[in-house]
Amino acid sequence: MKTIKNTLVIFVIFASLLYLFTGCEDENARPLKKIKVSNIYSEEDQKLCREKLIESGLSEEKVDKFMDMVKTYNKDVNGELPYKNGFVETESINTDYTKTVDEFYKTPNKIGSNCRINTFELMLGNIEVERSANDNTSTLDFDKNSIENEFPDLFTKDELNKFETFYAPVQAKFSTDKKDQISEIDKAVSSRGIKWNGNINAKIISVWFHNDDEIDGNILFIGHTGILVPYEDKLMFIEKLSFNEPYQALIVNNRTELSDYLMEKYDIEYNQETTRPFIFENGTLMKNFRQNPEYDKIQK
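Residues numbered from 1 in each chain as written. Predicted model: local features only at pLDDT ≥ 70, side-chain atom pairs only at ≥ 80, totals over all residues. Heavy atoms only, no water.

Right, let's get into the overall build of the protein chain. Scanning the protein chain from N- to C-terminus turns up ten helices and eleven strands. Of the roughly 16,000 Å² of accessible surface on the protein chain, 49% is carried by carbon and sulfur atoms. (Helix = DSSP H or I, 4+ residues; strand = E, 2+ residues; numbered from the N terminus. Areas by Shrake-Rupley, 256 points an atom, 1.4 Å probe, with all protein chains shown as cover.)

Structure representation (structure tokens):
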């Protein structure tokens, strides 16, 4: 009788583990279909984002400066934003911001800020850049122009030097394997003395791209970035989409959903001889990262 009971217990444990693992795989196998998004326009959403950023360990001064940039952009587009009245659940993961951008350009000589500028500003004080590296590519040309002409007081000279070092492209390998490219990023991070504060809950999410052309050569660079913070039992991702596009705060259940959101936007070039985009959390590959789940279907 004892043997039967022991066998039954083992079976139940095995079955539970099998259900747990296969269940998680089935759940994670579903591409993201809906997402909660806000353009951080309403007073309530601005207060919420501010609180979450500060709770996650970021400087109140830096967060307030960031929020001023959010408010300035929202004013520049005269509130022409699709998600301005609280968080909205939408299936439009790639939102059409044509009307917003048209409104933005009604103001002459506008440049705007981008994801790299905003993320770096928020994380100042929580990233170390011990040595310098010059950007000899065209990758940061618009960033530098924006900082110099539209946000001249945003960074000190030393901070601007660190900005360039932090985002300067990395020499890539002639490979389509992300492991080869991650190895090159690791070397560059070490040589530049870049370190992240692991004691705070705010994390830098970076989408790395591999590009090989006649202008800049064979390089890896951070093409999109934002800040990930805890939100209740979920996660909040805060980003500036581009120079002329708005801010977004997204609520996702886990990193797999965040990966699906970012890869649906950026992992869309097929049959290339370069490495597909991949996502870092601070200085390592993001946990539960996966390439665009629809990629292989489209390839077929």
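All chains considered together, the criterion is met by three cavities of 30 Å³ or more. Taken together, 13 residues form the lining of the largest cavity, with Phe 166, Val 189, Trp 196, Trp 208 and Ile 222 sitting closest to its centre. Broken down by secondary-structure element, the contributors of at least two residues to the lining of the largest cavity are α8 (178-192), β5 (194-196) and β6 (203-213). Per element, the largest residue contribution to the lining of the largest cavity is four residues, and it comes from α8. Of the residues that constitute the lining of the largest cavity, the class distribution is ten nonpolar, two polar and one charged. Of the voids in this model, the second largest cavity is the one considered here, and its volume is about 60 Å³. Along the wall of the second largest cavity there are 13 residues; nearest its centre are Tyr 73, Asp 76, Gly 112, Ser 113 and Phe 151. Ranked by the residues each element gives to the lining of the second largest cavity, the list is headed by helix α3 (residues 60-76), at four residues. (1 Å grid on protein atoms, 1.4 Å probe; cavity = no way out; pocket = protein on both sides within 12 Å on 5 of 7 lines; lining within 4 Å. Points joined across faces, edges and corners; volume = space filled by probe spheres on them. Nonpolar A, V, L, I, M, F, W, Y, C, P; charged D, E, K, R; others polar.)

Inspection of the secondary structure puts Glu 281 in strand β10 (residues 278-281). Of the polar contacts made by the side chain of Glu 281, one reaches the side chain of Arg 255; its length is 2.7 Å. Among all residues touching Glu 281, those that are not within four sequence positions of it are Lys 203, Ile 204, Ile 205, Leu 228, Arg 255 and Met 286. (Polar contact = N/O pair within 3.5 Å; in protein donor to acceptor, adjacent residues only side chain to side chain. Contact = heavy atoms within 4.5 Å.)

With that settled, consider unusual backbone geometry. Glycine aside, the phi torsion of most residues is negative, and most peptide linkages are trans. We note that Asn 109 has phi near 60°; this positive angle belongs to a residue other than glycine. With respect to the helices and strands, the residue Asn 109 is situated in the loop between α4 (98-104) and α5 (115-123). A positive phi angle is found at Asn 282, which is not glycine, with a value near 55°. One can find Asn 282 in the loop between β10 and β11 (284-285).

A separate point is the pattern of salt bridges. If you walk through the whole model with that rule in mind, you get 18 salt bridges. The salt bridge involving Asp 135 is made with Lys 144; its shortest N-O contact spans 3.7 Å. Between Arg 255 and Glu 281 there is a salt bridge; the shortest N-O distance is 2.7 Å. In this pair, Arg 255 sits in helix α9 (residues 255-266) while Glu 281 sits in strand β10, placing the two residues 26 residues apart along the sequence. By relative accessible area, which is 14% here, Glu 281 ends up buried. Put simply, Arg 50, Glu 60 and Asp 64 are held in one network by salt bridges that share partners. (Salt bridge = Lys/Arg side-chain N within 4 Å of Asp/Glu carboxyl O. Buried < 20%, exposed > 50% of the residue type's maximum accessible area, 1.4 Å probe, protein only.)

Before going further, it helps to examine the confidence of the model for the protein chain. Scored by pLDDT, the protein chain comes out at a mean of 90, with 88% of its residues at no less than 70. Predicted confidence is poor over residues 1-29, with pLDDT under 50, and the contacts of this stretch with residues over four places away or in other chains come to five contacts. (pLDDT = per-residue confidence, 0-100.)

This part covers the side chain of Asn 114. As for its placement among the helices and strands, Asn 114 is situated in the loop between α4 and α5. At a separation of 3.0 Å, a polar atom in the side chain of Asn 114 contacts the main-chain amide nitrogen of Ile 117.

This part covers the pairing of β10. Every second residue of β10 is oriented toward a common face, with Phe 278 and Phe 280 on one face and Ile 279 and Glu 281 on the other, all of them buried. Bridge count for β6 against β10 is four bridges, and the pairing is antiparallel. Residue pairing across strands places Val 207 opposite Ile 279, the latter belonging to β10. Across two bridges, β10 lies against β11 in antiparallel orientation. Paired with Glu 281 across the strands is Thr 284, a residue of β11. Where β10 folds back onto β11 in an antiparallel hairpin, the turn is made up of two residues, including Asn 282, whose phi is positive at roughly 55°. (Pairing = 2+ DSSP bridges.)

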